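Single-letter residue listing:
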Amino acid sequence: AVVSTQSTGTVFTNESRGEVAKGAALKKAFNTDDLTKICIQILEKGEFQLSEKERQTAQNSKFTEIASNVSTMCINPTTQRPYPVTLVEQAMKDAHISVKPNKSAKQQALEVVRTLKESIPIERVKMKIRISMGMADSKKCKDHIKALFLTIISEDHDGQFELMGLSEPGNYKQLAELVGKHSRGKGMCEVIGVEETAENAVFD
């Protein structure tokens, strides 16, 4: 029988039905009827079991995480802009995509992109983005800005902070917000092109 424990220290043969394990059954299974020792054995050697509600919550969370990864790494080739996460989630539901609990969200996102190509226009790309803002304005944000690029193509500090590089599509909005906030709307963040990315490439 499956044996589980609660924070009360009670040992059950079936927790969902509230069936408490009897002393004779405990002694047969654990060679002791000491509840503390039994609980320690269960915690050390037993299998952790999620309730159906906990399992569904974890699955929903991973589903959203996968959709977020797809949104970050892909664009709609027609608009040249990333898809909103909610739209990706709906496309995943329409394609009957299910979550694999033991596989990372990023790895599953790569599989999802291949599947979604059959139903919506979607491409795995890197965006070529150019940023320009005053040197003084860039002091507090340039490290954050640079961290959002996968590759820096060029960087210039001659009077203006100018940077061009490759970034995942999902970072564009954050880059534009950083530049706008710290330059008080005077800076520039523009997409000047896209580069196709190998389907299986994974970026940290």
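Residues numbered from 1 in each chain as written. Predicted model: local features only at pLDDT ≥ 70, side-chain atom pairs only at ≥ 80, totals over all residues. Heavy atoms only, no water.

Asks: Account for the side chain of Ser183, naming residues and giving values.
Replies: Assignment of secondary structure puts Ser183 in the loop between helix H8 (172–182) and strand S8 (188–196). Judged by relative accessible area, which is 1%, Ser183 ranks as buried. Within polar-contact distance, the side chain of Ser183 engages the backbone oxygen of Val179 at 2.5 Å. Beyond its immediate chain neighbours, meaning those up to four positions away, Ser183 contacts Met133 and Asp137. (Helix = DSSP H or I, 4+ residues; strand = E, 2+ residues; numbered from the N terminus. Buried < 20%, exposed > 50% of the residue type's maximum accessible area, 1.4 Å probe, protein only. Polar contact = N/O pair within 3.5 Å; in protein donor to acceptor, adjacent residues only side chain to side chain. Contact = heavy atoms within 4.5 Å.)

Asks: Describe the environment of Ile152, and please don't skip the residues or the numbers.
Replies: One can find Ile152 in strand S6 (residues 151–156). In this structure the C-alpha to C-alpha distance between Ile152 and Leu166, which are 14 residues apart in sequence, comes to 6.5 Å. Not counting residues within four places of it along the chain, the set of residues in contact with Ile152 comprises Lys146, Leu163, Met164 and Gly165.

Asks: Help me get a handle on helix H4 (residues 85–94), residues and values and all.
Replies: Those residues of H4 that sit buried are Val88, Glu89, Ala91 and Met92. Along the axis of H4, the buried residues cluster in a sector spanning 165°; they form a single face. For H4, the exposed residues set more than 90 degrees away from the buried face come down to Thr86 and Asp94. In the core, the buried residues of H4 are packed alongside helix H3 (52–73) and helix H5 (105–116). Downstream of H4 by a residue or two, His96 has a phi angle that is positive, lying close to 55°. (Arc of directions from axis to C-beta.)

Asks: Which residues make up unusual backbone geometry, and what values do they have?
Replies: With a phi close to 65°, Gln80 is a non-glycine residue in the positive phi region. Take Gln80: it is sitting in the loop between strand S4 (74–75) and H4. Judged by relative accessible area, which is 31%, Gln80 ranks as partly exposed. Unlike most non-glycine residues, Arg184 shows phi in positive territory, near 55°. With respect to the helices, strands and loops of the structure, Arg184 is situated in the loop between H8 and S8. By relative accessible area, which is 57% here, Arg184 ends up exposed.

Asks: Talk me through the packing of H3 against H5; I want residue IDs and the actual numbers.
Replies: At a closest axis distance of 8 Å, the pairing of H3 and H5 adopts a crossing angle of 65°. On the basis of their axis angle, the class for H3 and H5 is roughly perpendicular. In the crossing of H3 with H5, the sense of the turn from one axis to the other is right-handed. Between H3, through Lys62, Glu65, Ile66, Asn69, Val70 and Met73, and H5, the contact on the second element is made entirely by Ala105, Lys106, Gln108, Ala109, Leu110, Val112, Val113 and Leu116. Residues of the contact of H3 with H5, tallied by class, amount to nine nonpolar, two polar and three charged. (Axes fitted to C-alpha atoms, helices over the stretch in contact; angles between N-to-C directions. Parallel < 35°, antiparallel > 145°, perpendicular 65-115°, else oblique. Left-handed = near helix turned anticlockwise from the far one by under 90°. Nonpolar A, V, L, I, M, F, W, Y, C, P; charged D, E, K, R; others polar.)

Asks: Requested: an account of the packing of H3 against H4, with residues and values cited.
Replies: Contact geometry of H3 with H4 gives a least axis separation of 8 Å together with a crossing angle of 115°. In the crossing of H3 with H4, the sense of the turn from one axis to the other is right-handed. Of H4, the residues touching H3 (which contributes Phe63, Thr64, Ile66, Ala67, Ser68, Val70 and Ser71) are Val85, Val88, Glu89, Met92 and Lys93.

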